[in-house]
Amino acid sequence: MPPISTQLFGFNITSFSSLQQLTDYCLENPAIYVSLNAEALYHESKELTDVVNKNIGYCDGIGAVFAVNLLNRQKIRKTPGCELWLSVLNKLKSEKIALIGAEYSTLEIVKKNIGADYPNVDIAYSHDGFFQNKEKVLNEIVQAHPKFVFVALGQPKQEQLCMELQRHLPDATFFPIGGSFDVYAGKVNRAPKWLIKLHLEWLYRLIKDPKRWRRQLVLPMFLFKTITHKLKIN
Ligand code: UDP
């Protein structure tokens, strides 16, 4: 089944039937691969729609999957960004990569783990996510000329950085991946598999980090907005 394109709240969402299909697509189509969840779609930020509509926005989150399935009467699967970047690394041979984001100590663990898990990959550049001189970091990345760039700064900062880099590295593929370095380094745990299967990962994150409640409140509001939209277009 080819990727499905869906329009919702100004976003062009591209849905894939599996993580494998999305991985293969990324390897052949240089672009910025933006993970979309209920929060991103609900806020309809112009900044984010611009990046997504010039690149690829995929469903990372049960809210986005629900919306696409409701609008298309299709059954697509969630493709989490924190799994996508590892699936891409797994397919690389000796390509140059860049890693930008997270705290210094986290990034050090990420680099060490990549060295052990994906020994062929060439880490051409890395920098933690707390830098003052953005121009300097941008220049250094461009000089390193990576083919795959993984940026973990949180939305929308990471997408903005990718857009700026893409102007200088048009053939590179970019992955803005939020807290994925924290997960891979073991600083943050993902929900247990059975909770992920029940589509309750958002609940686990809420319990683990109650400060997120305001962000999580968006999920029911997004579902309501999507259903209203569906009723209007029918
Ligand atoms: N971060 C960073 N620089 C910043 C702000 C955040 O490197 O200026 C990192 C932060 O350490 C964390 C990630 O960005 O590793 C954001 O994680 P979060 O869970 O907020 O992102 P989400 O997955 O929710 O988009």
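These remarks concern the structure in this document.

### Quick notes on the overall build of the protein chain
Thinking step 1. Along its length, the protein chain carries 13 helices and eight strands.
Thinking step 2. The globule rule puts the C-alpha radius of gyration for 234 residues at 17 Å, and the 17 Å found for the protein chain is close to it.
Thinking step 3. For the C-alpha atoms alone, the extent of the protein chain along its principal axes is close to 50 × 35 × 35 Å.
Thinking step 4. Put simply, the protein chain has 234 residues, and 45% of those count as buried.
Thinking step 5. Of the contacts made within the protein chain by residues no fewer than 6 positions apart, 71% connect residues no fewer than 24 positions apart.
Thinking step 6. As displayed, the protein chain has an accessible area near 12,200 Å², and 54% of this comes from carbon and sulfur atoms.
Thinking step 7. The distance from the centre of the 29 positive side-chain charges to the centre of the 22 negative ones in the protein chain is 7 Å.

### A few points about the pairing of strand β5 (residues 96-101)
Look at any regular strand and the pattern is simple: side chains alternate between the two faces of the sheet.
Thinking step 1. With five of its six residues buried, β5 lies for the most part within the structure.
Thinking step 2. Traced from β5 through helix α6 (residues 104-117) to strand β6 (residues 122-127), the parallel crossover comes out right-handed.
Thinking step 3. Relative to strand β7 (residues 148-152), β5 is paired through five bridges, and the arrangement is parallel. Counted as the bridge partner of Ile-100 is Val-151 from β7.

### Things to note about the site of the ligand
Thinking step 1. Taken together, 14 residues surround the ligand, and among them Ala-102, Gly-129, Lys-157, Gly-179 and Asp-182 come closest.
Thinking step 2. Taking Gly-179, its main chain carries an N or O atom lying 3.0 Å from an oxygen atom of the ligand.
Thinking step 3. Protein burial of the ligand: of its 550 Å² of free accessible surface, 74% is covered by the chains.
Thinking step 4. Partitioned by chemical class, the residues of the shell around the ligand number four nonpolar, five polar and five charged.

### Regarding the state of the cysteines
Thinking step 1. Enumeration according to the criterion identifies zero disulfides in this entry.
Thinking step 2. You can see Cys-82 has no disulfide; the closest cysteine sulfur is in Cys-26, sitting 14 Å from it.

### So, the nonpolar core
Thinking step 1. Ranked by size, the top nonpolar core spans 42 residues in total, and within it Ile-13, Leu-36, Ile-100, Ile-141, Phe-174 and Phe-222 carry the most contacts.
Thinking step 2. Tallying contributions element by element places helix α4 (residues 62-72) first for this core, with five residues.
Thinking step 3. If we skip the residues at most four places from it in the chain, Phe-174 touches Ala-31, Ile-32, Tyr-33, Val-149, Cys-162, Leu-165, Gln-166 and Leu-169.
Thinking step 4. Cys-26, Tyr-33, Ile-97 and Val-121 belong to the second-largest nonpolar core, a separate cluster that totals 28 residues.

### Examining helix α3 (residues 46-54)
Thinking step 1. Among all positions of α3, only Leu-48, Thr-49, Val-51 and Val-52 are buried. With its buried residues spanning 165° around the axis, α3 presents them on a single face. Seen from the buried face of α3, the exposed residues on the opposite side, beyond 90 degrees, are Lys-46 and Lys-54.
Thinking step 2. Elements in contact with the buried residues of α3: β2 (11-15), β3 (33-36), α2 (38-43), β4 (56-59) and α8 (157-168).

### A word on the packing of α4 against helix α13 (residues 218-233)
Thinking step 1. α13 packs onto α4 with a crossing angle of 10° between their chain directions and a minimal axis gap of 10 Å. It follows that α4 is roughly parallel to α13 by the angle criterion. Where α4 abuts α13, its residues Gly-63, Ala-64, Phe-66, Ala-67, Leu-70 and Leu-71 lie against Leu-219, Phe-222, Leu-223, Thr-226, Ile-227, His-229, Lys-230 and Ile-233.
Thinking step 2. Its residues assigned to classes, the contact of α4 with α13 comprises ten nonpolar, three polar and one charged.

### Looking at α4
Thinking step 1. If you check which residues of α4 are buried, you get Gly-63, Ala-64, Val-65, Ala-67, Val-68, Asn-69 and Leu-71.
Thinking step 2. Where α4 is buried, its residues touch β1 (4-8), β2, β3, α2, β4 and α13.
Thinking step 3. Directly after α4, the chain includes Arg-73, whose backbone phi takes a positive value near 50°.

### Thoughts on the pattern of salt bridges
Thinking step 1. Under the defined criterion, the tally for this structure stands at nine salt bridges.
Thinking step 2. Note that Lys-46 is salt-bridged to Asp-50, the shortest N-O span being 3.0 Å. Residue Lys-46 and its partner Asp-50 are located together in helix α3, separated by four residues, close to a single helical turn.
Thinking step 3. Among the residues examined, Lys-46 registers a relative accessible area of 59% and is labelled exposed.
Thinking step 4. On the accessibility criterion, Asp-50 (31% relative accessible area) is partly exposed.
Thinking step 5. The residue Arg-190 makes a salt bridge to Glu-201 at a minimum N-O spacing of 2.8 Å. Pair noted here: Arg-190 is in the loop between α9 (180-184) and α10 (193-197) and Glu-201 is in helix α11 (residues 201-208), with a separation of eleven residues, a long-range link.
Thinking step 6. If you follow the salt bridges from partner to partner, you end up with Lys-78, Glu-83, Arg-190 and Glu-201 in one network.

Definitions and cut-offs
Residues numbered from 1 in each chain as written. Predicted model: local features only at pLDDT ≥ 70, side-chain atom pairs only at ≥ 80, totals over all residues. Heavy atoms only, no water. Helix = DSSP H or I, 4+ residues; strand = E, 2+ residues; numbered from the N terminus. Rg over C-alpha atoms; globule rule 2.2 N^0.38 Å. Buried < 20%, exposed > 50% of the residue type's maximum accessible area, 1.4 Å probe, protein only. Contact = heavy atoms within 4.5 Å. Areas by Shrake-Rupley, 256 points an atom, 1.4 Å probe, with all protein chains shown as cover. Lys, Arg positive; Asp, Glu negative; His and termini not counted. Charge placed at Lys NZ, Arg CZ, Asp CG, Glu CD. Right-handed = clockwise from strand over helix to strand, strands pointing away. Pairing = 2+ DSSP bridges. Near = heavy atom within 4 Å. Polar contact = N/O pair within 3.5 Å; in protein donor to acceptor, adjacent residues only side chain to side chain. Nonpolar A, V, L, I, M, F, W, Y, C, P; charged D, E, K, R; others polar. Disulfide = S-S within 2.5 Å. Core = buried A, V, L, I, M, F, W, Y, C linked by side-chain atoms within 4.5 Å. Arc of directions from axis to C-beta. Axes fitted to C-alpha atoms, helices over the stretch in contact; angles between N-to-C directions. Parallel < 35°, antiparallel > 145°, perpendicular 65-115°, else oblique. Salt bridge = Lys/Arg side-chain N within 4 Å of Asp/Glu carboxyl O.

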